[in-house]
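Summary of structural features
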Amino acid sequence: MTADVLSAASTSAGAASIGSLIDDRPTEGIFRVHRSIYTDPAIFDLELKRIFARAWIFMCHESQLKKPGDYLATDIAHQPVFAIRTTKGGVSVYFDTCAHRGARLTTGRTGYAPTITCRYHGWCYNTDGKCIKVQFEKLGWPDGLPKDFDTSLRPVPRVASYRGFVFASLDPGVEPLEAFLGDATCKIIDLLADQSPSGLEVLDGSIRYRMRANWKFQCENGADGYHVAAVHRNYAATVTYREQLAGTGRDPLENTEAGRILNRTGTRTGSYDLGRGHMLNWSDRANPAAQPLYEREQELLQRFPADHVRWMVRRGRVFTGFPNFLLNDVASTSIRVWRPVCVNETELETWCFAPVGESDKARTARIRKFEDFFFPSSLAVPDDVFAMEGAHQGNSATDRGWIRFARGYATSREGADEPAQGLGMQPASSNGQGDSETVFSGFYRRWLSLMTSGEPRART
Amino acid sequence: MTDRVTTMRPADDGLVSRIASLLHLEATLLDDRRWHDWLELYTEDCIFWAPAWASDETWTTDPQRQVSLIWADRRNLAARIFRVEGGDSYASMPLPLTVHLVTGIAVTSSAEDVVEVRANWLVHSFLRTSGAILRAGRYEYRLRQIGAELSILRKKILIHDDAITGAIDFYNI
């Protein structure tokens, strides 16, 4: 990679040069990405415009907005937005800015605002985005506001949900959500949403955390089965030690999958390029009874084919959604989103979710298992964060130029393998090893196709 | 805030000074990485609890139905010590240098065998690779008193920060 190409990539006309940052030669079994994609601020700026402003971005789960007026404030491609439950019962997403002089409207990250009041000049909006009060209107505009003064909140161009998971997009021309997710991803989400006839709920209790690393390291890490035996060997050893302290006779739900993490149980694993940039990593559970959903297996077998229930109950799954969310159903269940702050900083947020109506015992076990792994205060995620930060720092050495994703080509095949067929699912490719690196090509091909397309047309 | 002090009252001077000694000793043992001595300050049936955020101004209150940052009994604390001593945790090698500042110690209720205490904390953690991190919050202790001996039955740690950099563990909150 020459300096010329990198500087060309720094301009918005540099689409062709960006193409040269991904070296994709399938017939030769070579897939490489140039290290500058992690560290070049110009590429980061383009990612905001061409990926985050064009994709469907995960907002929240519907259960997080229980009653009309409940809102959750976040951002898409650095633009402030908030999702709110409307009085009509749906979820709307608006730009978080007053129609008057543009001040941010929400007062917190989460809150309750059946009437949304701008603190700057006192304009008020209902949950449909309609301005219902202009402070001292008659004094300033004796004849009323000019007819062409748009006083409504601006909805984010597209909002849609799939099985309770709410997404929004800044691009009015974005493809429908289900096409963006693709059939294989929808099937993976179904495996979560079908766990209770009453659906899923996100539990109270969250925290944000930051890592000093590019956002794509979290995309890779979620789908990277290879790091588990190295980075989480400590987690496995720690919970094994804890089990020893507990002695025998403990409840099955107190057990863990430590042995599987250490890759000693010989369970079947796999990884899929689900298409559209989404990735799945899975592993058969060595110890299904340790899982909170196990209590429902018989009931689920009444409602769904045995192969589907096997995927739900007996197969741990880490799904990484393009570009920036993750749905876990391993020792516990979690949703993670990560927002790019700048080229070397990423904000992450994680929630625990659960099937509605599970037993108290299963719920508490799920929470304990979540705390074991998924927070920056757990026995595992801190190690991930430091590993990803180390990856970012190391990749700042651009002398070697390229990262080659080479592991597992021998076990990769086009389309569905037998476990995927059991679910009626068509991944782009299947790998019979969970610790392969072949799935990353699906992510980076999607990344490249968006990075080399134009930017969304501005709405008038 | 849901946990306002409503029952703060002057306590026996001897008790307050014994409590202050205990809290300062705990801070010192953590900063000196004398984890096993630190654990001895806790009862066998102890709970070490750091709630998560439930909303912008409230923390979770029900550890059985809501998620906490840390909900650890003594066995879990021993496991966390095992984890940082193992030399195998990416986030714990090297460990940061920590300084715990504990202040504003006040008795909020006292019975013959159980004393409840609140205090403010500020921890400065320093790693040569990533620099200094400051975090602060409030402690709420439930102490067991047997004769003149105090031990920690429950420690609740409210962490004010909602944008965490680095790891959170028993040694740096």
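Residues numbered from 1 in each chain as written. Chains lettered and ligands numbered in written order. Predicted model: local features only at pLDDT ≥ 70, side-chain atom pairs only at ≥ 80, totals over all residues.

1. Considerations on the overall build of chain B
How we decide: Each helix corresponds to a stretch of at least 4 residues labelled H or I by DSSP, and each strand to a stretch of at least 2 residues labelled E; elements are numbered beginning at the N terminus. As defined in this context, the radius of gyration uses C-alpha atoms, and a globule is described by 2.2 Å times the residue total to the power 0.38. Every C-beta atom is placed from the backbone, and the number of other C-beta atoms within 10 Å of a residue's own sets its class: buried at 20 or more, exposed at 12 or fewer, partly exposed in between. Residue pairs are scored as contacts if the distance between their C-beta atoms, which are placed from the backbone, is within 7 Å.
When you go through chain B residue by residue, the secondary structure sums to 3 helices and 7 strands. Helices and strands appear in chain B in the N-to-C order α-α-β-β-α-β-β-β-β-β. Relative to the 2.2 N^0.38 estimate, which gives 16 Å for 173 residues, the radius of gyration of chain B is 16 Å and therefore close to what a compact globule would have. Over its C-alpha atoms, taken along the principal directions, chain B stretches across nearly 45 × 35 × 30 Å. For chain B, the residues scored as buried account for 33% of the 173 residues in total. For chain B, restricting intrachain contacts to residue pairs at least 6 apart in sequence, the fraction spanning at least 24 positions comes to 56%.

2. Overview of the interface of chain B and chain A
Quick note on the threshold: When residues are sorted by character, Ala, Val, Leu, Ile, Met, Phe, Trp, Tyr, Cys and Pro go into the nonpolar class, Asp, Glu, Lys and Arg into the charged class, and all the rest, Gly among them, into the polar class. By definition, two strands form a pair when at least two bridges between them are found by DSSP.
With 33 residues of chain B at the interface, the matching set in chain A holds 37 residues. Residue assignment for the side of chain B that touches chain A shows that the elements contributing at least two residues are β2 (68–73), α3 (74–85) and β7 (163–165) of chain B. Here the side of chain B that touches chain A gets 6 residues from one element, more than from any other, and that element is α3 of chain B. Residue composition of the side of chain B that touches chain A, grouped by class: 17 nonpolar, 9 polar and 7 charged. Of the pairings in the sheet, the one linking strand β14 (residues 207–211) of chain A to β7 of chain B comprises 3 bridges and is parallel in character. Within β7 of chain B, the residue paired with Arg 210 of chain A across the bridge is Thr 165 of chain B.

3. Quick notes on the nonpolar core
Note the threshold: For our purposes the nonpolar core covers buried Ala, Val, Leu, Ile, Met, Phe, Trp, Tyr and Cys residues that link as a set through C-beta atoms within 7 Å.
Ile 57, Met 59, Ala 83 and Ala 168 of chain A are the most contacted members of the largest nonpolar core, which has 162 residues in total. Discounting residues that sit within four places of it in the chain, Ala 168 of chain A has contacts with Ile 57, Met 59, Ile 76, Val 81, Val 93, Val 156, Arg 158 and Val 159 of chain A.

4. Concerning the sheet that holds strand β21 (residues 402–404) of chain A
All names here are of chain A. What counts is decided by this rule: Whenever a helix is involved, its axis is fitted only over the stretch in contact; in every case the axis is a line through C-alpha atoms, and angles between N-to-C directions fall within 0 to 180 degrees.
Taken together, 3 strands build an open sheet; the order of strands is β1-β2-β21 and the sheet is antiparallel. The open sheet has two free edges, formed respectively by β1 (22–25) and β21, since each of these has just one partner strand. Across the sheet, the mean angle separating the axes of adjacent strands is 20° when strand polarity is ignored. Along the sheet, helix α16 (residues 440–451) contacts β1 and β2 (30–34); its crossing angle with β1, the most-contacted strand, is approximately 120°.

5. A look at the packing of helix α4 (residues 41–52) of chain A against α16 of chain A
Residue and element names in this part refer to chain A. So the rule is basically this: Under this scheme an angle from 65 to 115 degrees is roughly perpendicular, one under 35 degrees roughly parallel, and one over 145 degrees roughly antiparallel; angles in between are oblique.
Orientation of α4 relative to α16, taken along the N-to-C sense of each, is 95°, at an axis distance of 8 Å. Between α4 and α16, the interaxial angle falls into the category roughly perpendicular. Listed contacts from α16 to Leu 46, Arg 50 and Ile 51 of α4 are Trp 447, Leu 450 and Met 451. Among the residues making up the contact of α4 with α16, the classes are represented as 5 nonpolar, no polar and 1 charged.

6. A few points about the packing of helix α9 (residues 233–246) of chain A against α3 of chain B
Let me state the cut-off plainly: Left-handed is the label given to a crossing in which the near helix is rotated counterclockwise from the far helix by less than a right angle, and right-handed is the label when the rotation is clockwise.
In the contact formed by α9 of chain A and α3 of chain B, the axes pass within 9 Å of each other and the chain directions differ by 145°. Handedness of the crossing formed by α9 of chain A with α3 of chain B: right-handed. From α9 of chain A, Asn 234, Thr 238, Tyr 241, Arg 242, Leu 245 and Ala 246 of chain A reach across to α3 of chain B, where they touch Arg 75, Asn 76, Ala 78, Ala 79, Phe 82 and Arg 83 of chain B. Its residues placed into classes, the contact of α9 of chain A with α3 of chain B shows 6 nonpolar, 3 polar and 3 charged.

7. Digging into the confidence of the model for chain B
The line we're drawing: On a range of 0 to 100, pLDDT expresses the predictor's confidence in each residue.
Residue-level pLDDT values for chain B average 92, and 92% of them are 70 or greater. Reported for the predicted complex are a pTM of 0.94 and an ipTM of 0.93.

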